[in-house]
Amino acid sequence: MTLRISVIGTGYLGATHAACMAELGYEVIGLDVDKAKLEALAAGVLPFHEPGLPELLRKHVASGRLRFTDSYAEVAAGADIHFITVGTPQRADSQSADMSYVDGAVDSLLEHITGEALIVGKSTVPVGTARRLSEKIAQDAKNGSSIALAWNPEFLREGFAVQDTLRPDRLVYGLEHERGLELLRKVYAPILALDTPEIATDLETAELVKVAANAFLATKISFINAFAEVTETVGGDIKVLADAIGHDKRIGRRFLNAGVGFGGGCLPKDIRALQARVSELGLSQTMGFLAEVDQINLRRRDRVVSLASHMLGNELAGKHVCVLGVTFKPNSDDVRDSPALDIAVRLYNEGAEVSVYDPEGNANAAGRFPRLNYVDSFKEAAKDADLTLVLTEWNEFRELNPSDLADLVANKQLIDGRNVLDRPEWRNQGWTVTGPGEYFELGNMAPATTSIPVQAS
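Cut-offs and rules
Residues numbered from 1 in each chain as written. Predicted model: local features only at pLDDT ≥ 70, side-chain atom pairs only at ≥ 80, totals over all residues. Heavy atoms only, no water. Helix = DSSP H or I, 4+ residues; strand = E, 2+ residues; numbered from the N terminus. Rg over C-alpha atoms; globule rule 2.2 N^0.38 Å. Buried < 20%, exposed > 50% of the residue type's maximum accessible area, 1.4 Å probe, protein only. Contact = heavy atoms within 4.5 Å. Areas by Shrake-Rupley, 256 points an atom, 1.4 Å probe, with all protein chains shown as cover. Pairing = 2+ DSSP bridges. Axes fitted to C-alpha atoms, helices over the stretch in contact; angles between N-to-C directions. Parallel < 35°, antiparallel > 145°, perpendicular 65-115°, else oblique. Nonpolar A, V, L, I, M, F, W, Y, C, P; charged D, E, K, R; others polar. Polar contact = N/O pair within 3.5 Å; in protein donor to acceptor, adjacent residues only side chain to side chain. pLDDT = per-residue confidence, 0-100. Patch = residues over 30% accessible without salt bridge, like charges linked within 9 Å, V, L, I, M, F, W, Y side chains within 5 Å. Salt bridge = Lys/Arg side-chain N within 4 Å of Asp/Glu carboxyl O. Phe/Tyr/Trp six-rings, centres within 6.5 Å; stacked < 30°, edge-to-face > 60°. Lys NZ or Arg CZ within 6 Å of the ring centre and 35° of its normal. Arc of directions from axis to C-beta. Core = buried A, V, L, I, M, F, W, Y, C linked by side-chain atoms within 4.5 Å.

### Considering the overall build of the protein
Consideration 1: If you tally the helices and strands in the protein, you get 19 helices and 14 strands.
Consideration 2: Relative to its length of 457 residues, the protein is compact, with a C-alpha radius of gyration of 24 Å against a globular reference of 23 Å.
Consideration 3: The dimensions of the protein, computed from C-alpha atoms along their principal axes, are 80 × 50 × 40 Å.
Consideration 4: A total of 457 residues make up the protein; the buried ones form 54% of that total.
Consideration 5: Within the protein, counting contacts between residues at least 6 apart in sequence, those at least 24 apart form 72% of the total.
Consideration 6: Accessible area for the protein stands at about 19,400 Å²; split by element, carbon and sulfur atoms hold 50% of it.

### Here's the deal with the sheet that holds strand β8 (residues 198-201)
Strand pairing within a sheet occurs via backbone hydrogen bonds; the two strands may be parallel or antiparallel.
Consideration 1: A sheet is described by the order of its strands in space; here eight strands give the open sequence β3-β2-β1-β4-β5-β6-β7-β8, paired in mixed fashion. In the strand order of this sheet, the two ends are held by β3 (66-69) and β8, each with one partner. Between one strand axis and the next, the sheet turns by 25 degrees as a mean value, whatever way the strands run.

### Details of the packing of helix α6 (residues 129-140) against helix α10 (residues 203-234)
Consideration 1: Contact geometry of α6 with α10 gives a least axis separation of 8 Å together with a crossing angle of 135 degrees. In terms of orientation, α6 lies oblique with respect to α10. Contact with α6, carried on its side by Thr129, Ala130 and Arg131, involves Leu203, Glu204 and Glu207 of α10 and no other residues of that element.
Consideration 2: Looking at the contact of α6 with α10 residue by residue, the classes come out as two nonpolar, one polar and three charged.

### A closer look at the environment of glutamate 176
Consideration 1: Mapped onto the secondary structure, glutamate 176 falls in the loop between β7 (171-175) and α8 (178-187).
Consideration 2: Spatially, the C-alpha atoms of glutamate 176 and asparagine 152 are 12 Å apart, while their sequence positions differ by 24 residues.
Consideration 3: At 2.8 Å, the side chain of glutamate 176 forms a polar contact with the side chain of arginine 131.
Consideration 4: Within the structure, glutamate 176 has its side chain in polar contact with the side chain of serine 134 (distance 2.5 Å).

### Digging into the confidence of the model for the protein
In regions of low pLDDT, the predicted coordinates are not meant to be interpreted in detail.
Consideration 1: Predicted confidence across the protein gives a mean pLDDT of 93, with 96% of residues reaching 70 or more.
Consideration 2: The model gives residues 442-457 a pLDDT under 50, and that stretch makes 38 contacts with residues more than four places away or in other chains.

### A closer look at a nonpolar patch on the surface
Consideration 1: A surface patch of nonpolar side chains, amounting to about 360 Å² of accessible area, comprises Phe223, Phe227, Val230 and Val234.
Consideration 2: As for its position among the elements, valine 230 is in helix α10.

### So, the sheet that holds strand β11 (residues 373-374)
Consideration 1: The parallel open sheet is built from six strands, whose spatial order is β11-β10-β9-β12-β13-β14. The open sheet has two free edges, formed respectively by β11 and β14 (432-434), since each of these has just one partner strand.
Consideration 2: Examined bridge by bridge, strand β13 (residues 413-416) and β14 share three bridges and lie parallel to one another. The residue of β14 that forms the bridge with leucine 414 is valine 433.
Consideration 3: Strands in contact with helix α13 (residues 289-311) are β12 (387-390), β13 and β14; relative to β13, the strand with the most contacts, it is inclined by about 165 degrees.
Consideration 4: Running at roughly 155 degrees to strand β10 (residues 353-357), helix α14 (residues 339-349) makes contact with β9 (320-324), β10, β11 and β12 of the sheet.

### Considering the environment of leucine 391
Consideration 1: Relative to the elements of secondary structure, leucine 391 occurs in the loop between β12 and α17 (395-398).
Consideration 2: Residues leucine 391 and valine 323, spaced 68 residues apart in sequence, show a C-alpha to C-alpha distance of 7.0 Å.
Consideration 3: Look past the residues within four positions of leucine 391 in its chain and what remains in contact with it is Val260, Val304, Val323, Leu324, Gly325, Ala340, Ile343, Gly417 and Arg418.

### Some thoughts on the pattern of salt bridges
Consideration 1: Enumeration over the complete set of coordinates arrives at 35 salt bridges.
Consideration 2: The residue lysine 136 makes a salt bridge to aspartate 107 at a minimum N-O spacing of 3.0 Å. Within this pair, whereas lysine 136 is found in helix α6, its partner aspartate 107 is found in helix α5 (residues 100-112), the two being separated by 29 residues in sequence.
Consideration 3: Assessed through its relative accessible area of 30%, aspartate 107 is described here as partly exposed.
Consideration 4: Note that aspartate 337 is salt-bridged to arginine 272, the shortest N-O span being 3.5 Å. Here arginine 272 lies in helix α12 (residues 267-280) and aspartate 337 lies in the loop between β9 and α14, a separation of 65 residues in the sequence.
Consideration 5: Judged by relative accessible area, which is 27%, aspartate 337 ranks as partly exposed.

### Remarks on the packing of aromatic side chains
In this description, an aromatic ring pair is defined by two values, namely the gap between the centres and the angle between the planes.
Consideration 1: Taken as a whole and assessed by the stated rule, the structure comprises six aromatic pairs.
Consideration 2: Note on tyrosine 12 and phenylalanine 48: the rings are 5.2 Å apart at their centroids and 50 degrees apart in plane angle, and the pair reads as tilted. Taken as a pair, tyrosine 12 in helix α1 (residues 12-23) and phenylalanine 48 in the loop between α2 (35-42) and α3 (53-63) lie far apart in primary sequence, 36 residues in all.
Consideration 3: Judged by centre distance (5.0 Å) and plane angle (50 degrees), the rings of phenylalanine 223 and phenylalanine 227 are tilted. With phenylalanine 223 and phenylalanine 227 both in helix α10, this residue pair falls four residues apart, about one helical turn.
Consideration 4: Phenylalanine 223 sits in the partly exposed class, given a relative accessible area of 42%.
Consideration 5: Above the plane of the ring of phenylalanine 160 lies arginine 157, whose end atom (NZ or CZ) is 4.5 Å from the centre.
Consideration 6: Cation over ring: arginine 170 sits above phenylalanine 155, and NZ or CZ is 3.6 Å from the ring centre.

### Comments concerning α3
Note: α-helices contain 3.6 residues per turn, so residues at a spacing of three or four share the same orientation.
Consideration 1: What α3 keeps buried is the set Leu53, Leu56, Leu57 and His60. Along the axis of α3, the buried residues cluster in a sector spanning 100 degrees; they form a single face.

### Comments concerning the nonpolar core
Consideration 1: Ranked by internal contacts, the top residues of the largest apolar core, which has 41 residues, are Ile5, Val28, Ile81, Leu184, Val187 and Tyr188.
Consideration 2: No other element matches the eight residues that α1 contributes to this core.
Consideration 3: Excluding anything up to four places from it in sequence, valine 28 contacts Ile5, Val7, Ala18, Met21, Ala22, Arg65, Leu66 and Arg67.
Consideration 4: By size, the runner-up hydrophobic cluster in this structure holds 31 residues, among which are Ile29, Tyr72, Leu109 and Trp151.

Set out below in structure tokens:
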């Protein structure tokens, strides 16, 4: 019998999971309350940018293996396994995760499931959520139904979501019942056949795996950015420092690139929610270091704004600033908690005329902050610029040559916010260039050892 799968929530995670489950050969029905989104997905139109996913979506809408609905009754009747992929955003009144969407999805499923089913949580939730939901299911399930719960955290990287779903580096399940393990092994059989590591554990461990991974990555990024603060003051080469410690196999080189900091819909939210949850558990000091991780990350934005002001003679009013990249990372159109967009907005608020070009993020950025001047190419953005900032490491910007901009800008000044350009080459062609981890004294062609005072904005 072909497994019938539902995916509750068709945002970034849900749409990816639904299309990939169809690619594995299953009949999949995606549910959402947003009818406009459902119509777009049913027409094969993806409402966000993710390489490789539009093709899968169109393929399986056309094949009939993937369809969409807003009816829980239809989902309950048409699927045996229900993946919950709804959002858990940060609450407006605290750092805690908002669990209303997860709770609502479970409540709605319980209203309609009358037979045997498995509910699988994929959303990132505070530890203890699955146990609470398991108790709710036992109490509220309809008479005659048999519903098991499992937790199967996602580890998607934006820009690589299809790959991370179909060829993940591990599969983790939190379980209470053997039946749940059997069903998940059936679902993921094609992936397990690729010798993908499988970890079957308890509910609490499965919940903690995702937030622990994100907390570690955030810490590693802020660690190198903290040392960038040191090299910006005393001198030194932050790239060489990262390379040197990255050779230590206990440390590794990945995520040791100094820059403007992390952002997006996961890392900032997850480390704050983790701090809030452990405080609720009476362990407020246990994750106290994450507060400093968060602050180091936010200080990188302060640093770039202060540096930009310094390079423009401490007078931003009326100056033309070119910003290249406003998504929080390349190969995505996601601007949630993006340090790049935040820096662009701060410069605008200080009086600068800010022209923005991002290969995929302009529309989402304009939806959040429409007053910036969004243009369709780096050449338009750079025209008459007094200062250029590279804030997202798109390949298009990594491959820029000094001559690409030289005849466009008013002043050859650039902040390489992601440390991706060949700075000596740019300097050889008359540019004043600096970036994270380096203090560059204006007018000189080499890094200086005196520091720029950083003022918090």
